[in-house]
Amino acid sequence: MRSHILNSGLGSARRRVTRTAMLAVVLVGASAMPARAHDKGTLRLASRTFAAGDSIPVTGAKFSPRDEVTLVLVGASGRHALVDVRTDSVGAFRRVVLVPSTLTSGRYRLIAEALDGDEAAALDVVVEANVPGGAPPPHKPINHAMPGMEHGEMSMPMPTAAPVSLARARSASVTSAAVLLILACFAAGTALLRSSRHQQRESH
Amino acid sequence: MAGVTSPLVGGLGDRLGVGGLDYDVPARANRLDFMLGALTLAALVVLALSGVVLAQFYDPTPLGAYASVRYMLEKSAIAALASGVHVWAASAALVFVILHLAAVFWRRGFRNPREGLWWSGVVLLALLFGLAFTGTVLLGDQGAVEALAHATAGAKLAGPLGAPLRADFTPSTALLSRLYALHVSALPLALIALLALHLWLIRHLGVSATGSERAPFASHLRRIGAVSLLLVGIVVAAALVWPPELLAAGQEGFEVTKPMWPFLWIYAAENLFGMTGMLIAPGLLFGFLALVPVSDRRDGLASRVTRVVGTVLFVLMIVAIAYAALAPGQSHLGMDMGG
């Protein structure tokens, strides 16, 4: 009986050691696994086709907030780092990027590279040949999706000086309070003006 | 009732030093052209109060900024009203400060011993332009992005003086966030300090109005209160009737907008002289304003020349604003002009 108790005590101690060892292995393994230090984002371009030497607006979203990514063009001619951008508090950025004028025409992949070299977002693009001395090609998209864009991807409208149409916030209570304030200001102002004139006359 | 309130009011008046306001001022000081500075101050108070409301809704991050401004205008009636009041009060403050400067210049209110008053006023004017610029940039719309692009280009031309406007001045913080900090803390603090000096100098040196006829300061104060209240009423009414506009979210690399009206004279100078115009025009204006108390110390040729030059500059500024408002847009940074 005593030996049985002893054996069962030894057995439970052995099981505890085994469980602890397994837990340690799992924890060590988990810590050794590469943690994903950044989020996968999305890139948006006004057009997937542009010319070497062009300035193209690039918009990024859903990246890690306040993170740094490098925009890179990768093609048959090699890897061309374009610019380092910093995302804002919601993990977005907007940047106009100059495409190197020395790029040869062809298919490229625009990659947003995280600091650890991981591909955080990518788009397939086409670079057209630069015409030396020629006028830069016009920006193509104006308020419509461009051919070759993925489903749900929106084009960036060309900026204008025209104000946007706003669905303005209205509230009867705020408007009433504002009207009351206006009336009170006019009434008090007029009363003060009269009393000032009266006081000046009296002082004479 | 009067017997009950008088000791209370009197006691409070004694403790608050209200008796210090019991003095006479020239009766001419009750004219509207002597109240332009007070009207500027009233507009600044409205700006501060509406700004406090706006700060509860604003997100000072490069992309969050535009969304938060749009949220204010589309989702919150009180923020939309505060936004309109802020914009109209800013225009009112700039109109009144320019008119105040012109009126003081015309009546030579900068002469001995009021040079300090003039110079503090000139710096106040520069601070108001700084507040208007940073306020424009905070919108995050196309006009804001272009204003910032112009400012950073100007900062490059200005050398080390323009360093704070460079994106890499403090790489850990976005330029927009730093401009927000300037707009809500550094510039208002400087403004308050200079206003305190300006008001103290007015109290110490007296109003520059001439004439032997006197009026109690209390009547002057009432009149200032009256016109200030009327101004507040007009500003709130304007905000209700003409709410502020907003352009689409800003995209870098384009020049399709013109600046807010107080900066149109600088825009006109850029049309004529290129990017250096944005440094030449303000440099010329503020350089002249700084020299006025030195060049016009007493009647004579120098005094007449100063008056002519000042008048020409003032007229030129008005003409330049009108020209820039009507002329077709121009690219100053070699960017895409759209369309």
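Residues numbered from 1 in each chain as written. Chains lettered and ligands numbered in written order. Predicted model: local features only at pLDDT ≥ 70, side-chain atom pairs only at ≥ 80, totals over all residues.

Participant: Explain the overall build of chain B to me, please; I cannot follow it from the model alone.
Facilitator: Within chain B, the regular secondary structure consists of 11 helices and two strands. Taken from N to C terminus, the helices and strands of chain B fall in the order α-β-α-α-α-α-α-α-β-α-α-α-α. Compactness check: chain B gives a C-alpha radius of gyration of 22 Å against a globular reference of 20 Å for 339 residues, within 12% of the reference. Overall, the C-alpha framework of chain B stretches about 70 × 55 × 35 Å when taken along its three principal axes. The buried share of chain B, reckoned over its 339 residues, is 38%. (Helix = DSSP H or I, 4+ residues; strand = E, 2+ residues; numbered from the N terminus. Rg over C-alpha atoms; globule rule 2.2 N^0.38 Å. Buried ≥ 20, exposed ≤ 12 C-beta atoms within 10 Å, placed from the backbone.)

Participant: What is the right way to look at the overall build of chain A in this model?
Facilitator: Helices and strands together make up the secondary structure of chain A, namely two helices and eight strands. Helices and strands appear in chain A in the N-to-C order α-β-β-β-β-β-β-β-β-α. Split into buried and exposed, the 204 residues of chain A put 21% on the buried side. Contacts spanning at least 24 positions in sequence make up 59% of the contacts within chain A whose residues lie at least 6 apart. (Contact = placed C-beta atoms within 7 Å.)

Participant: Looking at this model, I keep getting lost on the nonpolar core. Mind explaining?
Facilitator: Side chains of nonpolar character tend, in soluble globular proteins, to be buried together. Judged by nonpolar contacts, the single largest core of 88 residues is most densely connected at B:Leu39, B:Ala43, B:Val85, B:Ala89, B:Ala93 and B:Val235. Among residues more than four places away in sequence, those in contact with B:Ala89 are B:Ala43, B:Val46, B:Leu47, B:Ser50 and B:Val235. With 21 residues, the next largest nonpolar core counts A:Leu43, A:Phe63, A:Leu103 and A:Ala114 among its residues. (Core = buried A, V, L, I, M, F, W, Y, C linked by C-beta atoms within 7 Å.)

Participant: When you look at the environment of A:Val174 in this model, what are you seeing that I'm missing?
Facilitator: When you line up the elements, A:Val174 lands in helix H2 (residues 172-203). Spatially, the C-alpha atom of A:Val174 lies 41 Å from that of A:Leu43, the residues being 131 residues apart in sequence. Every residue in contact with A:Val174, bar those within four places of it in the chain, is listed here: B:Ala77, B:Ile78 and B:Leu81.

Participant: Help me understand the packing of H2(A) against helix H8 (residues 217-241) of chain B, please; the structure alone is not making it clear to me.
Facilitator: Where H2(A) meets H8(B), the closest approach of the two axes is 8 Å, and the angle between their N-to-C directions is 160°. The orientation of H2(A) relative to H8(B) falls into the category roughly antiparallel. Crossing angle aside, the handedness with which H2(A) passes H8(B) is left-handed. Here the contact of H2(A) with H8(B) is composed, by residue class, of 16 nonpolar, 10 polar and two charged. (Axes fitted to C-alpha atoms, helices over the stretch in contact; angles between N-to-C directions. Parallel < 35°, antiparallel > 145°, perpendicular 65-115°, else oblique. Left-handed = near helix turned anticlockwise from the far one by under 90°. Nonpolar A, V, L, I, M, F, W, Y, C, P; charged D, E, K, R; others polar.)

Participant: Looking at this model, I keep getting lost on the environment of B:Ala322. Mind explaining?
Facilitator: Residue and element names in this part refer to chain B. Here Ala-322 is to be found in helix H11 (residues 301-326). A tally of 13 C-beta atoms within 10 Å means that Ala-322 is categorised as partly exposed. For the pair Ala-322 and Ala-268, spaced 54 residues apart in sequence, the C-alpha separation works out to 9.1 Å.

Participant: What should I look at first to understand helix H3 (residues 64-75) of chain B in this one?
Facilitator: Since the α-helix turns once every 3.6 residues, residues separated by three or four places project in the same direction. Residues and elements named next belong to chain B. Along its 12 residues, H3 runs 15 Å from first to last C-alpha, staying within 8% of the 16 Å computed at 1.5 Å per residue. Restricting attention to buried positions, one finds in H3 the residues Ala-65, Tyr-66, Val-69, Met-72 and Leu-73. In an axial view of H3, the angular spread of the buried residues amounts to 125°, which keeps them on one side of the axis. In this structure, the buried residues of H3 make contact with helix H2 (36-55), helix H4 (77-106), helix H5 (115-138) and helix H7 (175-205). (Expected span 1.5 Å × (residues − 1). Arc of directions from axis to C-beta.)

Participant: What's the story with the sheet that holds strand E6 (residues 93-98) of chain A in this structure? I'm lost.
Facilitator: Think of a sheet as strands paired side by side through backbone hydrogen bonds, with each pair either parallel or antiparallel. All names here are of chain A. Taken together, three strands build an open sheet; the order of strands is E1-E3-E6 and the sheet is antiparallel. Sheet topology places strand E1 (42-45) and E6 at the edges, where each strand pairs with a single neighbour. Pairwise comparison of adjacent strand axes, ignoring direction, gives a mean angle of 30° for this sheet. In this structure, strand E3 (residues 55-61) lies alongside E6, joined through six bridges in antiparallel fashion. Within E6, the residue paired with Ser-55 across the bridge is Leu-98. (Pairing = 2+ DSSP bridges.)

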